[in-house]
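# Report on the structure
Okay, here's what each chain looks like letter by letter:
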Amino acid sequence: TAQRLISRTKKKLREIEVLEFKHKSGVVLHPNQIAKMNRKQELLDKLTALQNGTWNDSNGGGAADEPAQPRFNREKMRMLARRTSIDWTGKYANKVVIEVQVDDAVRVESGATGIVKFVGPIAFLGDDKNVIGVVMDAWHPSYGNGTIDGKKYFECDDGRGFFAHPPEITENLGSTKAKTEPVADDPVIEQKQQEVAKRIGEKITLADGSTGTVKFVGKTEFSNGEQMVGVELDKWSTNTTSGTVGDKQYFPSAPGRGYFARFSSISDWNIPQALLDDAKRLDDEEDDGGKESMDVDEAIDPSVNDDGTEIAVSIGDRVRTVRGLTGVVRFKGGVHFDERDVIGVELDSWNPNGHNGIIHGHKYFSCIDGRGYFIRTDGIARNFGPTRRRKKTRTASMMDLGVLSKNLKVGDHIRLARGKTGVVKWIGKSSEVGDGAGNAGGDEDIVGIELDTWSANANDGKGRFNAPKGH
């Protein structure tokens, strides 16, 4: 009800008044508390609208006669808190900011990795503060979807978008843009290009024997300027699209029938059906199953390290292949179509030889069509390490105590990362606690807190300070 919302809003404003008083009195506040103070004007506007009867919660929170206003979302709160922490603690004062560009793979402070999709300012932080929008390689509940205050800064799924402040980038792992080898001028290919351009709508035969109809001829965004032929295949295939790559449609096609081919893969235009039948019959008579062998050659990239080196990888690692392709390991082990173990990679960008993780009806992993790729175990050129966030110790998860403890003092009221609040009663080293919270026997900064509410994991201060058991 409106009265309940008014009461809640007034309560939040009273909490802010207390924080403002502490701040003016010289008490050092936690970044989350400062972020809460920054919401004061928003809450005042909400209270006014509620008291006037013009608040409309169904349109995103605002006056009934005003357009919908986006809520102060959780990701924005986190960004403000981290920005405040950066400015307040000075922990990055001497850090050299790592330069990044869109499509670079990066590692952030938490240890997680992703791909840069936005670099620039965001309105609520000011035009003088750039942020870096990253599509993270692994989902996390604290990540967003690339949207702040209703504005979409980059495209990604929910739980994959992260806005990093420049100092929070710890490593640039290199560009993920697809690299293609320069194609030498070939009069035969040039002749094919001229022929294909004139014959859109006609039947075409690819080098692997697949047939289809030419639907598109020209340069694409994914081929680095190389001319491609868009074909609607006569038969469904796993390694296909619907004529659309990314958000761009190059030609309409039934799902599982759209295929992009290089000019060098076109074998002929009008091969007599009798010859095709004979070729198929000969393939079927091959002892090793000629068609199957051809499929395997396409399914697994044969490129390997010259010295045969096998670089160890685990599922979830970010890697670069010998061919220069980048992506994340999604599968490792044996497959039904080859005797040797292979590595399945979800590529960062579409590849004409890619698939969706399914080969001959066998699902090895899931990804977008054209992004699945199998390589040999010795086809890894570099392993950049895990893509997931590092797990913090209990002390580290509370806050960056190595920096903040020098600003804390006994008697401060603080909020922990998990939302619990309490009063600082003791400050020291983990080695002084004996059976040690955090890293026992180490020399890590640790803070003793009397919690405001009971917790099953709390104690009575362990002799370092007095607190009710469970607080």
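Residues numbered from 1 in each chain as written. Predicted model: local features only at pLDDT ≥ 70, side-chain atom pairs only at ≥ 80, totals over all residues. Heavy atoms only, no water.

### Quick word on the pairing of strand β20 (residues 338–347)
For clarity, the cut-off: Burial classification: accessible surface area is computed with a 1.4 Å probe over protein chains only, and a residue below 20% of its type maximum counts as buried, one above 50% as exposed, and the rest as partly exposed. Elements are defined by DSSP. Helices are runs of H or I of four residues or more, strands are runs of E of two residues or more, and each kind is numbered from the N terminus. Any two strands between which DSSP finds at least two bridges are classified as paired.
Most of β20 sits out of view: 7 of its 10 residues are buried. The pairing of strand β19 (residues 326–335) with β20 spans 7 bridges and is classified as antiparallel. Residue Gly327 lies in a different strand from β20, and its bridge partner there is Leu347.

### Overview of the pattern of salt bridges
Inclusion rule: One speaks of a salt bridge when a side-chain nitrogen belonging to Lys or Arg is within 4 Å of a carboxyl oxygen belonging to Asp or Glu.
What the rule picks out here adds up to 16 salt bridges. Linking Asp338 and Arg340 is a salt bridge whose minimum nitrogen-to-oxygen distance equals 3.8 Å. Taking the relative accessible area as the measure of exposure, Arg340 reaches 51% and is therefore exposed. Residues joined in a network through salt bridges with shared partners are Arg107, Glu171 and Arg382.

### What about the environment of Pro255?
Stated formally: Two residues form a contact once any of their heavy atoms are found within 4.5 Å.
If you trace the backbone, Pro255 turns up in the loop between β14 (248–249) and β15 (258–262). Each C-alpha atom of the pair Pro255 and Thr241 lies 6.3 Å from the other, and the pair is 14 residues apart in sequence. If we ignore the near neighbours within four places in the chain, the residues touching Pro255 are Trp236, Thr241 and Ser242.

### Observations concerning the packing of aromatic side chains
Rules: Centres within 6.5 Å are what make two rings of Phe, Tyr or Trp a pair, Trp counting through its six-membered ring; a difference in plane orientation under 30 degrees is then read as stacked, over 60 as edge-to-face, and the rest as tilted.
Inspection of every chain in the model, using the stated rule, returns 15 aromatic pairs. Taken together, a centroid distance of 5.8 Å and an interplanar angle of 70 degrees make the contact between Phe365 and Phe374 edge-to-face. When sorted by exposure, Phe365 lands in the same class as Phe374, which is buried. Through a chain of ring-to-ring contacts, the aromatic side chains of Phe216, Tyr250, Phe251, Phe260 and Trp350 assemble into a single cluster.

### Structural notes on the nonpolar core
Basically, it comes down to this: In this description, a nonpolar core means a group of buried Ala, Val, Leu, Ile, Met, Phe, Trp, Tyr and Cys residues linked to one another through side-chain atoms lying within 4.5 Å.
Among the nonpolar cores identified, the biggest contains 13 residues, and Met79, Phe118, Ile122, Val131, Tyr153, Phe154 and Phe163 are the most heavily contacted of them. The set of elements that each furnish at least two residues to this core consists of α4 (74–89) and β5 (130–136). With residues near it in sequence (within four places) discarded, Phe154 still touches Lys117, Phe118, Gly133, Val134, Val135, Asn145, Gly146, Gly161, Phe162 and Phe163.

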